[in-house]
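# A look at the structure
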Amino acid sequence: MTTTTSTTAAPTEAVATASTVATASTASTASTVATADAPALIRFRPTGLDTAPEVNALLERLGLGPFAPDGLTAFGGRNDNWAGTTTRGRQVFVKTVARAPDGSRPEIDRALAFEATAARLPANSPLRTPEHLGTDRESAVSAFRLLPGSRSGSEVALDGDFDEALCREAGRAVATLHTLGTAGGASGGEAPDPASAPAIDTGEAPLPPMRWLRAFPWSEVQDRSMAQIAAWKLVQDDTEVVAALHRLRERERTAPHTPAHCDLRFDQFLVHDGQLFLCDWEEFRLADPARDVGAFVGEWLFQATYSVFAPTGGPTSAKDAVAPGFDLSHEEIVERGAAGLRHHIPRIAAFWQGYTECRTPDPELAERAVGFAGWHLYDRLIATAQAHAVLNPVARAAAGIGRTLLLNPAGAVATLRLADPAVPHPAVTDAAVTPAGVAPAAVLPTAVAHPAQPHPADAPSGSPR
């Protein structure tokens, strides 16, 4: 049994507000805590520590003491997790990750590879990550310092607080990640002993799963909702999208690879005292940096799509997101779509500004990033369909935008403000979201419906949603 430790940055905590749809694989019971001047926090009852003795065992080996039972809680996520104070007064967040069917622990190994690589980051690095206290690889359990009051990036974005300054900071952080291990990258300390940490994964990122573009494996049907199956059929029946994803994969294979997060979403960011942290490194690997850039762009485009049906900018409840907008005229949808883009594209531009301040991208990175932004919107469609019997029309609309980006990534680079800052960019107008435009023509839910046609040949498989 091996316990590893490292120190990289500052403490943090993951939280969810009552305005978000929070899920936790670990918790069947949730409680809501609110104050007069703060949003309600959804806290989950964690898995009993008597069924997970490896958690307190790790904390005691690290000299932190076991969790005190009072106040122990959990936060949303697909992995078991615990947050609280130990008997020695240390505030800690602990989580587990799943093992592979063969008993290996690739997610833990990737996370440990990141911690080893990031150990050279200087104290003032734009890339901040929660302090890693230690890991028990055998039990697949990791401990991090907990900082109460931090907010997840998804919460910050939903509340309208993920402003241009934070987006620029996110761009600088991601660019710094992409320079780790290079001549101009991290050099703030001694590199860890390579023999003590797993090697950085060089395997192909699992999404999009190319084999699933041809057919949905019958063995997986029982683990997917009806809406997810419908979402996959939506992709499979569109031969142009399937062909575009194959082209994107080919471009990815020949692109320069760097250390990359490969699972970048708003909820992987955390904000504490106005500073941005990036966490959850289970998919860390050498990959096309355009994956991370495209995912961040895709997150904002998904937000822009939701603004079509919630144009006031206020939080959208799960109830309101099921079937809104069908009483809107085409002109109203176009107008609201353009307004959403005008609101969010400056945030994309700020991210790109921060990114290019810290790293010079290869000449084709922006175009590949647009393609990955297109896939990200399909990925959001599939992920949000997990708990539903029918496809959410808003997610279908986002997938329509994704289709436009996948089929013509070069045409959207300037519109999304990913071009050279010296090159004038086109203004986002109502015309930009019409069917003849470059970007979200597909805000109409029907724009993602396409007749089934023959599929291209099979390709390597991955681990899909």
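Residues numbered from 1 in each chain as written. Predicted model: local features only at pLDDT ≥ 70, side-chain atom pairs only at ≥ 80, totals over all residues. Heavy atoms only, no water.

Scanning the chain from N- to C-terminus turns up 12 helices and 12 strands. In the chain, which comprises 465 residues, the share counted as buried stands at 54%. (Helix = DSSP H or I, 4+ residues; strand = E, 2+ residues; numbered from the N terminus. Buried < 20%, exposed > 50% of the residue type's maximum accessible area, 1.4 Å probe, protein only.)

Attention now goes to the pattern of salt bridges. Applying the stated criterion to the full structure yields 31 salt bridges. Measuring nitrogen to oxygen at the nearest pair gives 3.5 Å for the salt bridge that ties arginine 105 to glutamate 138. Of this pair, arginine 105 sits in the loop between strand S5 (91–96) and helix H2 (106–118) while glutamate 138 sits in the loop between strand S6 (132–136) and strand S7 (141–145), and the two are 33 residues apart along the sequence. Here glutamate 138 falls in the partly exposed class, since its relative accessible area comes to 37%. Note that arginine 110 and aspartate 201 form a salt bridge whose closest N and O atoms lie 3.0 Å from each other. Highlighted residues: arginine 110 in helix H2 and aspartate 201 in the loop between helix H4 (164–178) and helix H5 (218–221), separated in sequence by 91 residues. (Salt bridge = Lys/Arg side-chain N within 4 Å of Asp/Glu carboxyl O.)

One finds Leu127, Phe162, Phe296, Leu405, Leu416 and Leu418 to be the most contacted residues of the largest nonpolar core, which totals 81 residues. No other element matches the 11 residues that helix H10 (residues 365–384) contributes to this core. Excluding anything up to four places from it in sequence, leucine 405 contacts Leu301, Val370, Ala373, Gly374, Leu377, Ala412 and Leu416. Formed by 14 residues, the second largest nonpolar core is a distinct cluster that contains Val55, Val92, Val94 and Ala143. (Core = buried A, V, L, I, M, F, W, Y, C linked by side-chain atoms within 4.5 Å. Contact = heavy atoms within 4.5 Å.)

Time to look at the packing of aromatic side chains. Applying the stated criterion to the full structure yields 15 aromatic pairs. Relative to tryptophan 300, the ring of phenylalanine 162 lies with its centre 5.8 Å away and its plane at 85 degrees, an arrangement referred to as edge-to-face. One end of the pair, phenylalanine 162, is in the loop between helix H3 (153–158) and H4; the other, tryptophan 300, is in helix H8 (residues 290–309), with 138 residues separating them in the sequence. Assessed through its relative accessible area of 2%, tryptophan 300 is described here as buried. Taking the centre distance of 5.4 Å and the plane angle of 65 degrees together, the rings of tryptophan 212 and tryptophan 232 count as edge-to-face. Linking tryptophan 212 in the loop between H4 and H5 with tryptophan 232 in helix H6 (residues 226–236), this pair joins segments that are 20 residues apart in sequence. Across this residue pair, the class does not change: tryptophan 212 and tryptophan 232 are buried. These aromatic residues form a ring-pair network of at least three members: Phe162, Phe266, Phe269, Phe296, Trp300, Phe351, Trp352 and Tyr355. (Phe/Tyr/Trp six-rings, centres within 6.5 Å; stacked < 30°, edge-to-face > 60°.)

Without other data, these values stay purely geometric and don't point to any function.
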